[in-house]
Amino acid sequence: MQYEVANGQRIPNLGEKEIEGETDIEGRRTIFKAQVCEVSKPLMSVKRLIESGHSVLFDHEGGRITNQKTGRQIWLHEVNGMYHLRLWVPSAGF
């Protein structure tokens, strides 16, 4: 599998990794799966979040991801039109 980036270049999918980290604001441990590829800014898929039982809201306060089963929320921060998830992840190689 490959991905097409903004300039039209294709980059290969290098596999899947489970990411464990702690949210910056809430200080909660979280785990999610990510596709690995050589990028400088990783992206989250709203479609995949919804498929996994979450809802996503974007508004003037930033945004949030809510787990529909537990009600737990993770806040997103808007910076220059982009929504960021602040997550502390221990350093680890692939």
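Note that this is a predicted model, so its numbers are computed, not measured.

(A) Fine view of the pairing of strand S6 (residues 62–67). In terms of burial, S6 is largely enclosed, as five of its six residues are buried. As paired strands, strand S5 (residues 54–59) and S6 are joined by six bridges and run antiparallel to one another. Along S6, the bridge assignment pairs Val 56 with Ile 65. The sheet contact formed by S6 and strand S7 (residues 73–79) spans four bridges and is antiparallel.

(B) The arrangement of the pattern of salt bridges in detail. Per the stated rule, a full pass over the model turns up five salt bridges. In this structure, Asp 24 and Arg 86 form a salt bridge, with 3.9 Å as the shortest nitrogen-oxygen distance. Of the two residues, Asp 24 sits in the loop between strand S3 (16–23) and strand S4 (29–35) while Arg 86 sits in the loop between strand S8 (82–84) and strand S9 (87–88), which places them 62 residues apart along the sequence. Notably, a salt bridge pairs Lys 47 with Glu 51, separated by 2.4 Å at the nearest N-O pair. Linking Lys 47 with Glu 51, this pair stays in helix H1 (residues 46–51), spanning four residues, or about one helical turn. Take Lys 47: its relative accessible area is 55%, and that puts it in the exposed class.

(C) Structural view of the sheet that holds S6. Sheet architecture is open: four strands sit in the order S5-S6-S7-S8, paired in antiparallel fashion. The open sheet has two free edges, formed respectively by S5 and S8, since each of these has just one partner strand. Sheet twist, expressed as the average angle between the axes of neighbouring strands with direction ignored, equals 25°.

(D) Representation of the environment of Thr 66. Relative to the helices and strands, Thr 66 is located in strand S6. The sequence separation of Thr 66 and Val 56 amounts to ten residues, and the corresponding C-alpha distance is 6.4 Å.

(E) The arrangement of the side chain of Arg 64 in detail. Relative to the helices and strands, Arg 64 is located in strand S6. Taking the relative accessible area as the measure of exposure, Arg 64 reaches 16% and is therefore buried.

(F) Structural detail: unusual backbone geometry. Positive phi, normally seen in glycine, also occurs at Asn 80, with a value near 50°. Its location among the elements puts Asn 80 in the loop between S7 and S8.

Here is what the cut-offs are and how they apply
Residues numbered from 1 in each chain as written. Predicted model: local features only at pLDDT ≥ 70, side-chain atom pairs only at ≥ 80, totals over all residues. Heavy atoms only, no water. Buried < 20%, exposed > 50% of the residue type's maximum accessible area, 1.4 Å probe, protein only. Helix = DSSP H or I, 4+ residues; strand = E, 2+ residues; numbered from the N terminus. Pairing = 2+ DSSP bridges. Salt bridge = Lys/Arg side-chain N within 4 Å of Asp/Glu carboxyl O. Axes fitted to C-alpha atoms, helices over the stretch in contact; angles between N-to-C directions.

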